[in-house]
Amino acid sequence: MPGPPLGFSEGLRARARTHLAGFTRRAHPPGERRPAAVALVLVPDAEGRACFLLTRRAEHLRAHARQWALPGGRIEPGESAEDAARRELAEEVGLTLGAEAVLGVLDDYPTRSGFVITPVVVWGAGSGELAPNPEEVMRVYHVPLDDLEGPEVPILVSIPESERPVIQLPILSTLIHAPTAAVIYQMREVVVHGRATRVDHFEQPVWAWK
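Just so you know, these numbers come straight off a predicted model, no measurement behind them.

Rules used in this analysis
- Residues numbered from 1 in each chain as written.
- Predicted model: local features only at pLDDT ≥ 70, side-chain atom pairs only at ≥ 80, totals over all residues.
- Heavy atoms only, no water.
- Pairing = 2+ DSSP bridges.
- Helix = DSSP H or I, 4+ residues; strand = E, 2+ residues; numbered from the N terminus.
- Axes fitted to C-alpha atoms, helices over the stretch in contact; angles between N-to-C directions.
- Contact = heavy atoms within 4.5 Å.
- Salt bridge = Lys/Arg side-chain N within 4 Å of Asp/Glu carboxyl O.
- Buried < 20%, exposed > 50% of the residue type's maximum accessible area, 1.4 Å probe, protein only.
- Phe/Tyr/Trp six-rings, centres within 6.5 Å; stacked < 30°, edge-to-face > 60°.
- Lys NZ or Arg CZ within 6 Å of the ring centre and 35° of its normal.
- Core = buried A, V, L, I, M, F, W, Y, C linked by side-chain atoms within 4.5 Å.
- Polar contact = N/O pair within 3.5 Å; in protein donor to acceptor, adjacent residues only side chain to side chain.

1. Quick look at the sheet that holds strand S11 (residues 174–177)
Inference 1: As summarised here, the arrangement of the three strands in space is S9-S10-S11, forming an open sheet in which the pairing is antiparallel. The open sheet has two free edges, formed respectively by strand S9 (155–159) and S11, since each of these has just one partner strand. Between one strand and the next, the sheet's axes are offset by a mean angle of 40°, whatever the strand orientation.
Inference 2: Bridge count for strand S10 (residues 162–171) against S11 is four bridges, and the pairing is antiparallel. For Leu169, the partnering residue across the bridge sits in S11 and is Ile176.
Inference 3: In this fold helix H3 (residues 180–192) packs onto S10 and S11, with an angle of close to 70° to the strand it touches most, S10.

Now the structure itself:
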C-alpha cells in the first residue's frame with residue numbers, strides 16, 4: 001500500500017538541503033551554447049502536499065509555444081544561475097524569493113537547441129499567491145512530488161535518430177519530455193531520495209532539437 005502523501009514541511013526542507021549539499025554536481029562548459037537556468041521550486045498545494053511548479057508556455061510565443069516548461073530562461077551577463085532562476089520565477093509566475101530560498105543546484109543539461117541549462121532547487125514557503133505573466137505563461141500547475149513515484153516513472157524510449165534513450169515522464173495526463181523531464185527526474189532522485197542519478201545522457205525528442 002502507498003504511504004501517506006509527502007507533505008510540505010521543514011523536515012522535507014532539511015532533507016532536500018542535506019541531499020543537495022552531499023551531491024557533487026556535473027557542470028558542462030557552455031562552449032557555443034548559451035547558459036540558461038530553470039527553477040525547481042518546491043511549494044505546498046491546498047492539501048499541504050509537497051509540489052513543484054510546472055508551466056505551460058503561452059501559445060503566442062515565437063519559440064516552444066504551448067510546451068511544458070519549468071520557470072526559467074537565459075542567464076544574463078554577470079548573473080549567477082541562482083539569481084537568474086529567482087528572477088525568472090518573479091517574471092514568469094510572480095514568485096519573489098530571496099537568495100536564502102535556494103537549496104542547491106543540480107547537474108547542467110546541454111540541450112539540442114543550443115543551451116546549457118542549470119537547474120536550481122528553490123524552497124517556496126510563504127511565497128503567497130502566484131501571478132502568472134500572460135505574455136510568457138498560459139497556466140501554472142502544482143505537481144505533487146508523489147506523482148513522480150509511480151512504477152512507470154520514467155519511461156525510456158528508443159528512437160532511430162539517436163543512440164541515447166529518450167526520457168518521458170507521465171504526469172498531468174500527458175508526457176513531459178527532456179530537457180524538462182530529465183531535470184525533474186534528477187530532482188526526484190537527488191532531492192527526495194538522495195541518489196546521485198545522472199540524466200545528461202537522456203535524449204530529447206527530435207521535435208525539440210530545434
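2. Quick look at the pattern of salt bridges
Inference 1: What the rule picks out here adds up to 14 salt bridges.
Inference 2: Of the charged contacts, one joins Arg87 and Glu79 as a salt bridge, the two residues approaching to 2.8 Å between their closest N and O atoms.
Inference 3: Residue classification places Arg87 among the partly exposed residues on the basis of a relative accessible area of 22%.
Inference 4: Linked by salt bridges that have partners in common, Glu79, Arg87, Glu88 and Glu91 make up one network.

3. Structural notes on the packing of aromatic side chains
Inference 1: Throughout the structure, instances matching the rule amount to three aromatic pairs.
Inference 2: The interplanar angle of 55° and the centroid separation of 5.1 Å between the aromatic rings of Trp68 and Tyr141 together place this pair among those described as tilted. With Trp68 in strand S3 (residues 68–69) and Tyr141 in strand S8 (residues 137–144), this residue pair connects regions lying 73 residues apart in the sequence. Across the pair, exposure class does not vary: Trp68 and Tyr141 are buried alike.
Inference 3: On the basis of an interplanar angle of 65° and a centroid distance of 6.4 Å, the ring pair of Tyr185 and Phe202 is categorised as edge-to-face. Of this pair, Tyr185 sits in helix H3 while Phe202 is found in the segment after H3, placing the two residues 17 residues apart along the sequence. Each member of the pair, Tyr185 together with Phe202, is buried.
Inference 4: Over the ring of Phe115 we find Arg34; its NZ or CZ atom is 4.2 Å from the centre of that ring.

4. Description of the nonpolar core
In summary, soluble globular proteins display a tendency toward joint burial of nonpolar side chains.
Inference 1: Counting 43 residues, the largest nonpolar core has Leu42, Phe52, Leu54, Leu145, Ile184 and Met187 as its most contacted members.
Inference 2: In terms of residues, this core owes the most to one element, H3, which gives nine residues.
Inference 3: If we skip the residues at most four places from it in the chain, Leu54 touches Trp68, Ala69, Leu70, Arg139, Val140, Tyr141, Val143, Ile171, Leu172, Ile176, Thr180 and Ile184.
Inference 4: The next biggest cluster of nonpolar side chains, apart from the first, holds 20 residues, and it includes Val41, Leu53, Ala81 and Leu89.

5. Description of the side chain of Asp200
Inference 1: Looking at the secondary structure, you find Asp200 in the segment after H3.
Inference 2: Asp200 sits in the buried class, given a relative accessible area of 13%.
Inference 3: Of the polar contacts made by the side chain of Asp200, one reaches the side chain of Arg26; its length is 3.1 Å.
Inference 4: With residues near it in sequence (within four places) discarded, Asp200 still touches Arg26, His28, Asp108, Tyr109, Pro110 and Arg164.

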